[in-house]
Amino acid sequence: MKSNKFLLEILAIVLVLSVIPALVRQQYILHVIMLAMIFGIVASNWNLAIGYGGMFHLAQVPFFAAGGYSTAILSVHMGLSPLIGILVGGVAAVILSLIIGIPALRVRGIYLVFLTFAFHFIMLSLVLYFVDITGGDMGLILEPIRIGATNIDMFNPVVTYYTALSLFVLSLVFIKTIIDSKIGLALVSLRDSEVYAVSRGINPYKIKLVTFVLSSFLAGVCGAFYVHYLRVVTPALFDWSFLITFLASIVIGGVGTLYGPLLGAFILTFLMESLRFLEMFRNIVFGLLMILILIFMPKGLIMLANRAQSIFSSRQNSAGIVDEEN
Amino acid sequence: MKLTLVKNILDTRINRGAAMLEVSDIHVYYGLFEAVKGISVNIREKELVAIMGPNGHGKSTLIRAISGLVKIRGGKIEYNGKKIDKLKPPDIVKMGIIQVPEGGHLFPEMTVEENLLLGAYVPGAWKKRKENMQIVLDLFPILKDKMDQICLTLSGGERRAVAVGRGLMSSAKLLMLDEPSLGLSPLLAKELIKGIKKIKDTGISIILVEENIRYIRELADRIYLIEQGKVTLEGKKDQVLGNKHVKKAYLGII
Amino acid sequence: MFSDIASAIIIGLVLGSMYALAAVGLTLVWGVLKILNFAHGGFITLGAYFVWVGITFLGGNYVISFLLVMGLTFLLGFVLNAGVIRPLQGRPESETNIFIATLATSIIIENLIIVGFGGRYKSIPEMASGSLTLGSISINFQQMIIMAVAPVFLVGLMYYLKKMKSGMAVRAVAQDADGAAIVGIDSERVYSYTIAIGALMAGVAGVLLGVIFYLSPGMGGDPLVRALFIMVLGGMGSVKGTIYGAYIIGIIDALARYFIGMFWASPILFVMFILLLLLRPQGLFGVKV
């Protein structure tokens, strides 16, 4: 019953998103939707750790960047094909997540934030230092890749759009599967009551590490895809604006919800793009809007939608009664 | 029947006229849980009112509501005829309504002297901090040698003394003591009771939340019994302690 | 060799002075509000640019420019609290929200500086030229000024917290917020001037950094990360521990720059930070976990 509902939702999403290129002819809009899908994937995988697992960490941007840099380096220096390259990006992120996660998940709370923050800077330093490999400040430029002997660019807009859409759907199924699996149940029970979960034989460290690693894979894949799409990789991959976009997608959409981060990513990406006319002032206005959204929509849009739904479906819940007295 | 009704009304009128603090039918919620379900309490000048009842039935919540630490929903709280239930805690402190909470809430890494000085934080009291400090030290001489000691390192009894002393530093007019004897050895508790008696003699009104019937018998003028978030019994000390239900449930007399 | 080490230690003390100012505000805000203010790096940058503006456009008076920085960053601290931090406090998810909002604030500050002054490096003209030579070691006057100015502010802050009534109120809120409310301390007010004091300290740190290094819109990021390290090293929320920690990190930083290479100082410090977090998260001096 429940999985039927999910299947329908997925079908609806696929249907809507796959007919858009037929209806909308402007490449620019397709480009924005594609970015939104990619950012949504990174955000919703991060949400697996933050929202479902209660582990607030800042390693998602390093995962994204690891995916991007690994695929770019292998492609530029060794001519690796992008299709394998994208997978390599995911693997690189998984390896990094093990390197970070094995020590880092032994600490919690604010210390986990600091630890992952330090990793971010170490990675950035390494990228800037090994100029021969990474291109340093200037980054690396990727050659366009032709399909077979034809003259068709492998990363032409239509192909990229549908690749992003496939990743998007893959990510949704991936996350849903994890949430409904034993791991997901253990994770949520750990978040809600660690004492209880441990008493039921759950090993917190193991479950957290598994989730941390799983949530890194698609971030790396997206990083790789993003780099191939832009055909350039630079240290800008470590920018705060990525961190803020991903994190705010989760918060604005709804922490610990399946669709919230995706919705948040769409809203933020479109917002960011619609502010392009502001040029130099864009980041300033974006920052201000972000703060205003946080202040005036604290619980996330999904929560808002859920609440509206519950008010319509049952007007006499206990919360309603108390609210009236207030 | 009619006569008693008139008498009751007159009684409340008289009480009301003399009451410095008047809590009328207040309700307090923690989320969905109603901790205080329409409590009315009053206290007159120079009076010591004891509040008794089982744990978790709303006594501390009542005190917190008077201090402004929790907001009330419905009902009102008046102090000398002025509504105070919408005021912030600091403004209530400024009026001389001081709480000594359960557990003291001392500043653990400050010295005894600093803790006492902060008791005089509100402007009016700050001017009188030297005199008040003297009063506190006369009341609790054990603190004299401990002024430079960090509160974290004090014994339970000393901490309680600092907490009450900090309350007195603010030139309190109404002191609300929440379970001051909890966890003290009988000897220390005795000292504390002596101190409270002295405080009362200086003319400060006191609301004393207490479990120990012996102390209540020794100190109280009037008693309120609070059960399940409601006042189930109120009256003069002897009236309440003589009540059948109280005898059975709280005094262990069958 | 000896003179190398001595020179490195002097540089270390100079760096430590700046780091102490940068970290102490962050620690204070953490101790009182239990939040991480990521706009702190932005305030460091603002301090440096304000003093540059003062010196460039107001006739080069260092003292007036310095006072201007102090006044402006202090006021902007109040604005930060009223506009960003207070509205988000005490809500579910407030930690995450304040983290994002203060990070967004630092992005706003960075971009305002890019819009106002451009992205290019700037430098503040020397305050004092010349140097003092003792045998084979030489200290220039700028470094001496920095080593002298920082302790004035640090001691001033300690005095304020220890001896003055409103400083005691700050400590009171940090140690027991309920207890503070009971004695009549308005914690909202304490929050706002704690953040303002933190902002002022960041501004002063920015001035000293600007004197030695180049100015750039993102210049506050590096000291912010070091300040986080220092804060944990000194025990989160402990002002005294943070000051010791800052000088320790300053000296390690300088030795690494001197003997291993300019570039490696940061990665080495970050690795040490990670080891600290794993092995002794309560810090060197902390008793609490």
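Summarised in this report is the structure supplied together with it. If you're wondering where the values come from, they're calculated on a predicted model, not measured in any experiment. (Residues numbered from 1 in each chain as written. Chains lettered and ligands numbered in written order. Predicted model: local features only at pLDDT ≥ 70, side-chain atom pairs only at ≥ 80, totals over all residues. Heavy atoms only, no water.)

1. As for the overall build of chain B
Next up, step 1: Looking only at helices and strands, chain B features eleven helices and ten strands.
Next up, step 2: The C-alpha radius of gyration computed for chain B amounts to 18 Å, which stays within 12% of the reference 18 Å derived for 254 residues, consistent with globular compactness.
Next up, step 3: Expressed as lengths along the three principal axes of its C-alpha atoms, the size of chain B is roughly 60 × 40 × 40 Å.
Next up, step 4: Within the span of chain B, comprising 254 residues, buried residues form 51% of the whole.
Next up, step 5: In chain B, 66% of the contacts between residues at least 6 apart in sequence involve partners at least 24 apart.
Next up, step 6: Accessible surface, chain B: about 12,300 Å² in total, of which carbon and sulfur atoms supply 55%.
Next up, step 7: For chain B, the distance from the average position of its 41 positive side-chain charges to the average position of its 29 negative side-chain charges is 5 Å. (Helix = DSSP H or I, 4+ residues; strand = E, 2+ residues; numbered from the N terminus. Rg over C-alpha atoms; globule rule 2.2 N^0.38 Å. Buried < 20%, exposed > 50% of the residue type's maximum accessible area, 1.4 Å probe, protein only. Contact = heavy atoms within 4.5 Å. Areas by Shrake-Rupley, 256 points an atom, 1.4 Å probe, with all protein chains shown as cover. Lys, Arg positive; Asp, Glu negative; His and termini not counted. Charge placed at Lys NZ, Arg CZ, Asp CG, Glu CD.)

2. Digging into the packing of aromatic side chains
Next up, step 1: Applying the stated criterion across every chain, the model contains 32 aromatic pairs over all chains.
Next up, step 2: With a centroid separation of 5.7 Å and 65° between ring planes, the pair formed by Phe39 of chain A and Phe246 of chain A is classed as edge-to-face. Linking Phe39 of chain A in helix H2 (residues 27-52) with Phe246 of chain A in helix H11 (residues 240-253), this pair joins segments that are 207 residues apart in sequence. The same class applies to Phe39 of chain A and to Phe246 of chain A, which are both buried.
Next up, step 3: Here the aromatic rings of Phe263 of chain C and Trp264 of chain C are separated by 5.3 Å at their centres, their planes lie at 90°, and the arrangement is edge-to-face.
Next up, step 4: You can call Trp264 of chain C partly exposed: its relative accessible area is 23%.
Next up, step 5: The structure contains a cluster of three or more aromatic residues connected by ring pairs, namely Phe56, Phe117, Phe121 and Trp240 of chain A together with Phe38, Phe99 and Phe270 of chain C.
Next up, step 6: In this structure, Arg166 of chain B is placed above the aromatic ring of Phe107 of chain B, and the distance from its NZ or CZ to the ring centre is 4.8 Å.
Next up, step 7: Here Lys165 of chain C stacks its cationic end above the ring of Tyr121 of chain B, 4.8 Å away from the centre of that ring. (Phe/Tyr/Trp six-rings, centres within 6.5 Å; stacked < 30°, edge-to-face > 60°. Lys NZ or Arg CZ within 6 Å of the ring centre and 35° of its normal.)

3. Concerning the nonpolar core
Next up, step 1: With 259 residues, the main nonpolar core has Phe114 of chain A, Leu175 of chain B together with Ile185 of chain C as its most contacted residues.
Next up, step 2: Look past the residues within four positions of Ile185 of chain C in its chain and what remains in contact with it is Pro90, Leu118 and Tyr121 of chain B together with Ala169, Ala172, Val173, Ala180 and Val190 of chain C. (Core = buried A, V, L, I, M, F, W, Y, C linked by side-chain atoms within 4.5 Å.)

4. Description of the interface of chain A and chain C
Next up, step 1: Residue-level contacts link 38 residues of chain A with 39 residues of chain C.
Next up, step 2: Interface area, chain A with chain C, both sides summed: about 3,500 Å², of which 87% is carbon and sulfur.
Next up, step 3: Linking chain A to chain C there are zero salt bridges.
Next up, step 4: At the level of elements, helix H4 (82-104), helix H5 (110-129), H11 and helix H13 (282-296) of chain A are the ones that each hand at least two residues to the side of chain A that touches chain C.
Next up, step 5: Among the elements that make up the side of chain A that touches chain C, the one with the highest residue count is H5 of chain A (13 residues). (Buried area = accessible area lost by both parts, 1.4 Å probe. Salt bridge = Lys/Arg side-chain N within 4 Å of Asp/Glu carboxyl O.)

5. Thoughts on the side chain of Gln143 of chain C
Residues and elements named next belong to chain C.
Next up, step 1: Here Gln143 lies in helix H5 (residues 141-163).
Next up, step 2: By relative accessible area, which is 11% here, Gln143 ends up buried.
Next up, step 3: Apart from residues lying up to four places away in sequence, Gln143 is in contact with Ile10, Ile11 and Val14.

6. Details of the pairing of strand S8 (residues 205-209) of chain B
Residue and element names in this part refer to chain B.
Next up, step 1: Among the five residues in S8, five count as buried, and that is most of the element.
Next up, step 2: Side chains of S8 alternate between two faces, with Ser205, Ile207 and Val209 and Ile206 and Leu208 buried alike.
Next up, step 3: Relative to S8, strand S3 (residues 48-52) runs parallel, the two sharing four bridges. Paired with Ile51 across the strands is Val209, a residue of S8.
Next up, step 4: Of the strand pairs in this sheet, strand S7 (residues 174-178) and S8 are connected by five bridges, and their pairing is parallel. Following the sheet pairing, Leu177 is matched in S8 by Leu208. (Pairing = 2+ DSSP bridges.)

7. As for the pattern of salt bridges
Next up, step 1: For the structure on display, the rule yields 26 salt bridges over all chains.
Next up, step 2: The shortest N-O distance in the salt bridge between Lys208 of chain A and Glu194 of chain A comes to 4.0 Å. Here Lys208 of chain A, found in helix H10 (residues 204-230), pairs with Glu194 of chain A, found in helix H9 (residues 194-199); they are 14 residues apart in sequence, far enough to count as distant.
Next up, step 3: Residue Lys208 of chain A is classed as buried on the basis of its relative accessible area, which comes to 14%.
Next up, step 4: The shortest N-O distance in the salt bridge between Glu211 of chain B and Lys59 of chain B comes to 2.7 Å. Residue Glu211 of chain B is found in the loop between S8 and helix H9 (213-219), and its partner Lys59 of chain B is found in helix H2 (residues 59-67); the two are separated by 152 residues along the sequence.
Next up, step 5: On the basis of relative accessible area, Glu211 of chain B is assigned to the partly exposed category, the value being 36%.
Next up, step 6: The class of Lys59 of chain B is buried, set by a relative accessible area of 3%.
Next up, step 7: Within the structure, one salt-bridge network assembled from shared partners comprises Asp222, Arg226, Asp253 and Arg257 of chain C.

8. Let's talk about the sheet that holds strand S4 (residues 76-79) of chain B
All names here are of chain B.
Next up, step 1: Pairing is antiparallel in the open sheet, where four strands are placed in the order S2-S1-S4-S5. Only two strands of the sheet have a single neighbouring strand rather than two, namely strand S2 (33-44) and strand S5 (82-83).
Next up, step 2: Pairing between S4 and S5: two bridges, direction antiparallel. Note on S5: the bridge partner recorded for Glu78 is Lys83.

9. Describing the pairing of S3 of chain B
Residues in a regular strand point their side chains to alternate faces of the sheet.
All names here are of chain B.
Next up, step 1: With respect to burial, S3 is a largely interior element, five of its five residues being buried.
Next up, step 2: The alternating pattern of S3 places Leu48, Ala50 and Met52 and Val49 and Ile51 on opposite faces, both of which are buried.
Next up, step 3: Both S3 and strand S9 (residues 222-227) contribute to a ladder of four bridges, which runs parallel. Each bridged residue has a counterpart across the sheet, and for Ala50 the counterpart in S9 is Ile223.

10. Focus: unusual backbone geometry
Excluding glycine, residues mostly carry a negative phi; peptide bonds, for their part, are mostly trans.
All names here are of chain B.
Next up, step 1: Of note in this structure, Lys46 is not a glycine but carries a positive phi near 60°.
Next up, step 2: Relative to the helices and strands, Lys46 resides in the loop between S2 and S3.
Next up, step 3: Residue class for Lys46 comes out exposed when judged on its relative accessible area of 56%.
Next up, step 4: Even without a glycine there, the phi angle at Asn80 is positive, about 50°.
Next up, step 5: Summarising the element assignment, Asn80 is placed in the loop between S4 and S5.

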